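Take a look at the letters that make up each chain.
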Amino acid sequence: MNAMRLQVISPFPTDIDIANSVQPHHISVIAKKLNLNPNHYDLYGKYKAKVLLPVIDELKERKDGFYVVVGGITPTPLGEGKSTTTVGLCQALGAVLDKKVVTTLRQPSQGPTFGIKGGAAGGGYSQVIPMDEFNLHLTGDIHAITAANNLLASAIDTRMFHESTQSDKALFSRLCAPDKKGNRIFSDIMYRRLKKLGINKTKPEDLTAEEVMRFARLDIDPETITWRRVMDVNDRFLRKITVGQGPDEKGMVRETGFDISVASEIMAVLALTNSLSDMRERLGKMVIGNSRAGDPVTADDLGVGGALTVLMKDAINPTLMQTLEGTPVLIHAGPFANIAHGSSSIVADKIALKLVGPDGFVVTEAGFGCDIGIEKFMNIKCRYSGLRPQCAIIVATIRALKMHGGGPPVTAGKPLDPAYITENVALVEAGCTNLARHIKNTKAYGVNVVVAVNRFSTDTDAEIAAVRTAALAAGAYDAVLCTHHAHGGKGAACESATKPLKFLYPLDASIKDKIEAIARSYGASGVEYSEQAEKQIEMYTKQGFSGLPICMAKTQYSFSDNASAKGAPSGFVLPIRDVRASIGAGFIYPLVGTMSTMPGLPTRPCFYDIDLDTTTGTVKGLS
């Protein structure tokens, strides 16, 4: 199959107009290019397909391709084009250099799509298409996560309600309902709780009164519940709510709230799982809070782990799409990049690496700047996947470097200050301290670094030369000028080399030691823990969770906790205000400052521009 050749035109069209100007291949054509047969995927319309997990087993003897991760410097609120660079690089490898290549990306949330950021399909002539399908419902994975998350939330409140209104005997009798022959039985999932309690009995009637109480009464402490409801819309007025106010809830009122769906732990589980059976175990292990005795209460304790897996059974299969130039893309998972690890799924990467074979390339993306994205990619995702990247790309822009060099604030929705569109080499050089620290931190993992300078029309040759000089001086393997936004695959390039991967910390270190290792990589001189954080660290250690990796929840706009501290700040004390856990996903996440898990809509959201041409059925206004 020949690659699609882009017709680059001027004046520069909008992203949606560019996306709509290209007729995508039927997805079966893209699948055939990867040697997938119809038994390997399920079609979701003409331009999307779910690639089925058994492909990994079928190709297990094939050697993996080269693995490349794309991160970035600390961004401006406008973003520096990591997704665009990722897509452009793959178009360069596949459509221009005729290499086997697969892009693996996160699924975007509809919250930012209709809110302030817009879509996440790339941009200009480096995009995933169909752009509207990519940015909206796709194949329903986020909706499945929403349904599963809220089923668990419902199970929590319902269980507390029934425990408050029934005796131990009545509760146990209803939980172990008779079968069709009138015999009381344990359902399969109940044996998980019995095992956890150390009760080795198989018949309900054999349990003692004490065992009946321990089995049936979870005795959840409402003050410890961390599980919230979710929806894939930015709705600030649901950040804090009360539930149980109906007349039939018998005064079971408590305060809770909504997060955006991509912040659900179930999304993080989907991204970090290795198989269907692994996902089942992770979903069951998710901790929703503690009992009044201080024991963790899990989804399996509530009896809902199997049902969650059923809701997620199709979502575990990544979605095959294509770029503007007809190169393959696997879209899967979309974990929040602040409180979770912000990378697409392990299973998508594993499938892709087998499909491209030993001479091919898989290019994936890490969320936000390297301090959050690359660090979590290496220390969390690579630990669970066992995969090792051969190359890390750091995306930089002259605009962001000028901001880090002391330029005026960059604000979404407002025109750029003249400092960003006129030549100022000194300002760029000053800002390269930020780039240099990202290079140093990324190289510490034993991975070669290539800097991709994402060029804008106002950037000058002298400014770009200053970035290249600074990047090479900081230890980058190379620094490459990229114009993929304007020219597609012809404007991107990649270098790759292999070194053993080094982690930032050992898993058997204490929670505090791991937190402090990450803080030092930011430039912090120390860490300060709140009383609540100290309490949580002590509890998680006591509960046996201290061996998990750390996922720092921190602003993406600075190495420090202060979003206005630009460049490469050092000597600051990093404040940890709280520590929480995603046990099913498999990480502890300290909160550095205030993290909003439910974004709000701006005064003028993106939905003002989004509409449908009712004659042609074409979506307009997506960006």
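Note that the structure is a prediction, hence the values are computed from the model and not measured. (Residues numbered from 1 in each chain as written. Predicted model: local features only at pLDDT ≥ 70, side-chain atom pairs only at ≥ 80, totals over all residues. Heavy atoms only, no water.)

### Let's talk about the domain arrangement of the protein chain
- What the domain assignment reports for the protein chain is domain 1 (15-139 + 314-491), domain 2 (142-307) and domain 3 (511-591).
- Contacts between domain 1 and domain 2 engage 29 residues on the former and 20 residues on the latter.
- For domain 1, the biggest contributors to the area lost against domain 2 are Ile316, Phe336 and Tyr384; these three give 24% of the whole.
- At the boundary of domain 1 and domain 2, one finds zero salt bridges.
- Taken together, the connections running from domain 1 to domain 2 amount to seven residue pairs in polar contact (both at pLDDT 80 or more).
- At four residues, the largest contribution of residues to the side of domain 1 that touches domain 2 is made by helix α15 (residues 373-385). (Domains from an automatic or database assignment. Contact = heavy atoms within 4.5 Å. Buried area = accessible area lost by both parts, 1.4 Å probe. Salt bridge = Lys/Arg side-chain N within 4 Å of Asp/Glu carboxyl O. Polar contact = N/O pair within 3.5 Å; in protein donor to acceptor, adjacent residues only side chain to side chain. Helix = DSSP H or I, 4+ residues; strand = E, 2+ residues; numbered from the N terminus.)

### Observations regarding the packing of helix α14 (residues 346-356) against α15
- One way to put it is that α14 packs onto α15 with a least axis distance of 10 Å and a crossing angle of 60°. Taken together, the axes of α14 and α15 are oblique relative to one another. Both α14 and α15 take part in a crossing whose hand is right-handed. From α14, Ile346, Asp349 and Lys350 reach across to α15, where they touch Lys381, Tyr384 and Ser385. (Axes fitted to C-alpha atoms, helices over the stretch in contact; angles between N-to-C directions. Parallel < 35°, antiparallel > 145°, perpendicular 65-115°, else oblique. Left-handed = near helix turned anticlockwise from the far one by under 90°.)

### A word on the pairing of strand β16 (residues 391-396)
- In terms of burial, β16 is largely enclosed, as six of its six residues are buried.
- Along β16, one buried face is formed by Cys391, Ile393 and Val395 and the opposite face, lined by Ala392, Ile394 and Ala396, is buried too.
- Here β16 runs beside strand β17 (residues 448-454); their pairing, made up of six bridges, is parallel. By the bridge assignment for β17, Ile394 is matched with Val451. (Buried < 20%, exposed > 50% of the residue type's maximum accessible area, 1.4 Å probe, protein only. Pairing = 2+ DSSP bridges.)

### Comments concerning the environment of Ile351
- By secondary structure assignment, the location of Ile351 is in helix α14.
- In sequence terms Ile351 and Val362 are eleven residues apart; their C-alpha atoms lie 9.8 Å from each other.
- Once residues lying within four places of it in the same chain are set aside, the contact partners of Ile351 are Val51, Leu52, Val55, Ile56, Pro318 and Leu330.

### Regarding the packing of helix α7 (residues 141-165) against helix α11 (residues 265-272)
- Direction vectors running N to C along α7 and α11 enclose 125°, while the axes themselves pass 9 Å from each other. When the axes of α7 and α11 are compared, the pair comes out oblique. The interaxial crossing formed by α7 with α11 has right-handed handedness. For the pair α7 and α11, the contacting residues are Ile142, Ile145, Ala148 and Asn149 in the first and Ile266, Met267 and Leu270 in the second.
- For the contact of α7 with α11, the residue count by class is six nonpolar, one polar and no charged. (Nonpolar A, V, L, I, M, F, W, Y, C, P; charged D, E, K, R; others polar.)

### Structural notes on the environment of Phe607
- Within the fold, Phe607 resides in the loop between β22 (587-591) and β23 (611-612).
- Judged by its relative accessible area of 39%, Phe607 falls in the partly exposed class.
- With 494 residues separating them along the chain, Phe607 and Thr113 place their C-alpha atoms 8.0 Å apart.
- Dropping the residues within four chain positions of it, Phe607 is found in contact with Phe114 and Leu601.

### Details of helix α21 (residues 531-542)
- The terminal C-alpha atoms of α21 lie 17 Å apart, and with twelve residues this matches the ideal 16 Å at 1.5 Å per residue to within 8%.
- Every buried residue belonging to α21 is among Ala533, Gln536, Ile537 and Tyr540, and all of these are buried. For α21, the angular spread of buried residues about the axis comes to 100°, placing them on one side. Those residues of α21 that are exposed and aimed more than 90 degrees away from the buried face are Glu531, Lys535, Glu538 and Lys542.
- Those residues of α21 hidden inside the fold are in contact with α20 (511-522), β19 (526-529), β20 (573-576), β21 (578-582) and β22.
- Looking at the residues trailing α21, positive phi occurs at Gly544, about 90°. (Expected span 1.5 Å × (residues − 1). Arc of directions from axis to C-beta.)

### Thoughts on a nonpolar patch on the surface
- Taken together, Leu78, Leu416 and Ile421 make up a surface patch of nonpolar side chains, about 230 Å² in accessible area.
- Among the secondary structure elements, Leu416 is positioned in the loop between α16 (398-404) and α17 (425-443). (Patch = residues over 30% accessible without salt bridge, like charges linked within 9 Å, V, L, I, M, F, W, Y side chains within 5 Å. Areas by Shrake-Rupley, 256 points an atom, 1.4 Å probe, with all protein chains shown as cover.)

### Remarks on the packing of aromatic side chains
- In the structure shown here, the tally under the stated rule is seven aromatic pairs.
- Relative to Phe186, the ring of Phe172 lies with its centre 6.4 Å away and its plane at 70°, an arrangement referred to as edge-to-face. Note that Phe172 is positioned in helix α8 (residues 168-175) and Phe186 in the loop between α8 and α9 (190-197), a separation of 14 residues in sequence.
- A residue is classified by how much of its surface remains accessible, and Phe172, at 9% relative accessible area, is buried.
- Centre to centre, the rings of Phe186 and Tyr191 are 5.7 Å apart; their planes meet at 75°, and the pair counts as edge-to-face.
- Judged by relative accessible area, which is 5%, Phe186 ranks as buried.
- Each member of the aromatic cluster is reached from another via a ring pair, and the members are Phe172, Phe186, Tyr191 and Phe215.
- Here Arg383 stacks its cationic end above the ring of Phe503, 4.1 Å away from the centre of that ring. (Phe/Tyr/Trp six-rings, centres within 6.5 Å; stacked < 30°, edge-to-face > 60°. Lys NZ or Arg CZ within 6 Å of the ring centre and 35° of its normal.)

### A closer look at the side chain of Gln536
- Summarising the element assignment, Gln536 is placed in helix α21.
- Each residue touching Gln536, except ones within four places of it in the same chain, is listed here: Asp578 and Val579.

### Let's talk about the pairing of β19
- On β19, burial follows the alternation: Val527 and Tyr529 on one face are buried, whereas Gly526 and Glu528 on the facing-out side are not.
- As judged from the four bridges shared by β19 and β20, these two strands associate in the parallel manner. Considered in β20, the bridge of Val527 is made with Leu574.
- What joins β19 to β20 is α21, and the crossover it makes is left-handed. (Right-handed = clockwise from strand over helix to strand, strands pointing away.)

### Things to note about the nonpolar core
- Judged by nonpolar contacts, the single largest core of 53 residues is most densely connected at Leu36, Leu320, Met378, Leu435 and Val451.
- Looking at this core element by element, the count peaks at six residues for α14.
- In contact with Leu435, not counting residues within four places along its chain, are Ile73, Ile394, Leu401, Val451, Val467 and Ala471.
- One finds Ala263, Ile266, Ala268 and Ala299 within the second-largest nonpolar core, a separate group that totals 52 residues. (Core = buried A, V, L, I, M, F, W, Y, C linked by side-chain atoms within 4.5 Å.)

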